[in-house]
Amino acid sequence: MRSGITLKSPAEIAMARAAGHLAAEVLRMIAPYVQPGVNTEALDQRCNDFIVNELKVIPANVGYMDFPKTVLTSVNHVVCHGIPSADKVLKAGDIVNIDVAVIKDGWFGDTSRMFFVGEPSVLARRLVDTTYEALCAGIRQVRPGATLGDVGHAIQTVAHRERFSVVREYGGHGIGQVYHDDPHVPHYGQRGQGLRLEEGMVFTIEPMINAGKREVKELSDGWTVVTRDHSLSAQFEHMVAVTADGFDVLTPWPDGTGAYPAIS
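Just so it is clear, the structure is predicted and the values come from calculations on it, not from any experiment. (Residues numbered from 1 in each chain as written. Predicted model: local features only at pLDDT ≥ 70, side-chain atom pairs only at ≥ 80, totals over all residues. Heavy atoms only, no water.)

**Student:** Any chance you could break down helix H3 (residues 122-139) for me, citing the residues and the numbers?
**Tutor:** The end-to-end C-alpha distance of H3 is 26 Å, a good match for the 26 Å that 18 residues give at a rise of 1.5 Å each. Of the residues making up H3, those classed as buried are Ala124, Leu127, Val128, Thr130, Thr131, Tyr132, Ala134, Leu135, Cys136, Ala137, Gly138 and Ile139. (Helix = DSSP H or I, 4+ residues; strand = E, 2+ residues; numbered from the N terminus. Expected span 1.5 Å × (residues − 1). Buried < 20%, exposed > 50% of the residue type's maximum accessible area, 1.4 Å probe, protein only.)

**Student:** A description of the packing of H3 against helix H4 (residues 148-161) should follow, citing residues and the corresponding values.
**Tutor:** Closest axis-to-axis distance for the H3/H4 pair is 7 Å, and the angle between their directions is 155 degrees. One way to sum up the angle between H3 and H4 is to call them roughly antiparallel. At the point where H3 passes H4, the crossing takes the right-handed sense. For the pair H3 and H4, the contacting residues are Thr130, Glu133, Ala134, Ala137 and Gly138 in the first and Val151, Ala154, Ile155, Val158, Ala159 and Arg161 in the second. A per-class count over the contact of H3 with H4 returns seven nonpolar, two polar and two charged. (Axes fitted to C-alpha atoms, helices over the stretch in contact; angles between N-to-C directions. Parallel < 35°, antiparallel > 145°, perpendicular 65-115°, else oblique. Left-handed = near helix turned anticlockwise from the far one by under 90°. Contact = heavy atoms within 4.5 Å. Nonpolar A, V, L, I, M, F, W, Y, C, P; charged D, E, K, R; others polar.)

**Student:** How would you explain the environment of Cys80 if you had to name every residue and give the values?
**Tutor:** By secondary structure assignment, the location of Cys80 is in strand S3 (residues 78-80). When the C-alpha positions of Cys80 and Asn97 are compared, they lie 7.9 Å apart, and in sequence the two are 17 residues distant. Residue contacts for Cys80: discarding those within four places in its chain leaves Ser74, Tyr170, Met208, Trp223, Thr224, Val225 and Gln235.

**Student:** Quick rundown of helix H2 (residues 40-55)? Include the residues and the values.
**Tutor:** Here H2 is 16 residues long and its end C-alpha atoms lie 21 Å apart, about the 22 Å a rise of 1.5 Å per residue gives. Buried within H2 we find Thr40, Glu41, Leu43, Asp44, Cys47, Phe50, Ile51 and Leu55. Where H2 is buried, its residues meet helix H1 (10-30), strand S1 (58-59), strand S2 (72-75) and strand S4 (95-104). Residue Asn39 occupies the N-cap position of H2, its side-chain oxygen lying 3.1 Å from the main-chain nitrogen of Glu41. After H2 finishes, the residue Lys56 shows a positive phi value of roughly 60 degrees. (Polar contact = N/O pair within 3.5 Å; in protein donor to acceptor, adjacent residues only side chain to side chain.)

**Student:** Quick rundown of the packing of aromatic side chains? Include the residues and the values.
**Tutor:** Applying the stated rule across the entire model yields nine aromatic pairs. Measuring from ring centre to ring centre gives 5.1 Å for Phe108 and Tyr179, while their planes differ by 10 degrees; the resulting arrangement is stacked. With Phe108 in strand S5 (residues 107-116) and Tyr179 in the loop between strand S7 (172-174) and strand S8 (181-185), this residue pair connects regions lying 71 residues apart in the sequence. For the pair shown, Phe108 and Tyr179 are each scored as buried. Ring plane angle 40 degrees and centroid distance 5.7 Å describe the contact between Tyr132 and Trp253, whose orientation is recorded as tilted. Residue Tyr132 is located in helix H3, and its partner Trp253 is located in the segment after strand S15 (247-249); the two are separated by 121 residues in the primary sequence. (Phe/Tyr/Trp six-rings, centres within 6.5 Å; stacked < 30°, edge-to-face > 60°.)

**Student:** Please provide a residue-by-residue account of the sheet that holds strand S12 (residues 225-227), values included.
**Tutor:** In space, the three strands of this open sheet follow the order S3-S12-S11, with antiparallel pairing throughout. Of all the strands in the sheet, the pair left with one neighbour each is S3 and strand S11 (216-218). Direction aside, the axes of adjacent strands within the sheet are offset by 40 degrees on average. (Pairing = 2+ DSSP bridges.)

**Student:** Give a description of the side chain of Thr111 that names residues and reports values.
**Tutor:** In this structure, Thr111 sits in strand S5. Given a relative accessible area of 0%, Thr111 falls into the buried group. Within the structure, Thr111 has its side chain in polar contact with the backbone oxygen of Glu237 (distance 2.7 Å). Once residues lying within four places of it in the same chain are set aside, the contact partners of Thr111 are Ala23, Ala24, Leu27, Ile98, Asp99, Val100, Glu237, His238 and Thr251.

**Student:** A description of the sheet that holds strand S6 (residues 165-166) should follow, citing residues and the corresponding values.
**Tutor:** Ordered in space as S6-S10-S13, the three strands form an open sheet in which the pairing is antiparallel. Each end of this open sheet is capped by a strand with a single partner; those strands are S6 and strand S13 (233-235). On top of the sheet, H3 reaches strand S10 (208-210) and S13; it is set at about 35 degrees to S13, its chief contact.

Structure below.
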């Protein structure tokens, strides 16, 4: 136990990695179905069937704090926690984040990524690409002796370079046998400030970057968070373990990073 945070053994990190790999497998599976004319409820049902019947693990979001669905689908100006719905039909040019979490043998795997629906606008592509770059910049700061301020500073530096803004109300979180655990991982900060990282820590890094201002609001459904100025928002999420000499991404995309650079 360090700073109120339980450090995980190599065997425990292996359990978290196994769950993380399965969560990433769901995102690989769903990619071909993210098309114009498809509603987000259909995507959710397909993910649920795959998690339960193919992977044979537990969809972690169902019933979590009364959340009604399997994945979170956040389209365009939705920052996070979008609820899949038969009424939300994707159209060409949309961008959508799909966030999935599973439980395998008592361990949580949690990850998300952006998808383009057809051809995105120039702004949308730049926002999504920048958000991925910001995620990578944050992950690359992870090593024993670094701080969460180093991680957040790296993320905000990339976002601000493009004149985008970083959502502050939500962040990453510790994860393992508890879904949302300490530490809270802000996506902004100052170098050298905040919790000092130690080998065995496991947490998510999941920057939410807005094309406009950083302010957000929660809708009346108690879940959906949107940008106040209705600007586009993007997010990527990986689970990361602190290793003896750096980091280990526990949710790598099984089909590779495609047009995106690898995180190394």
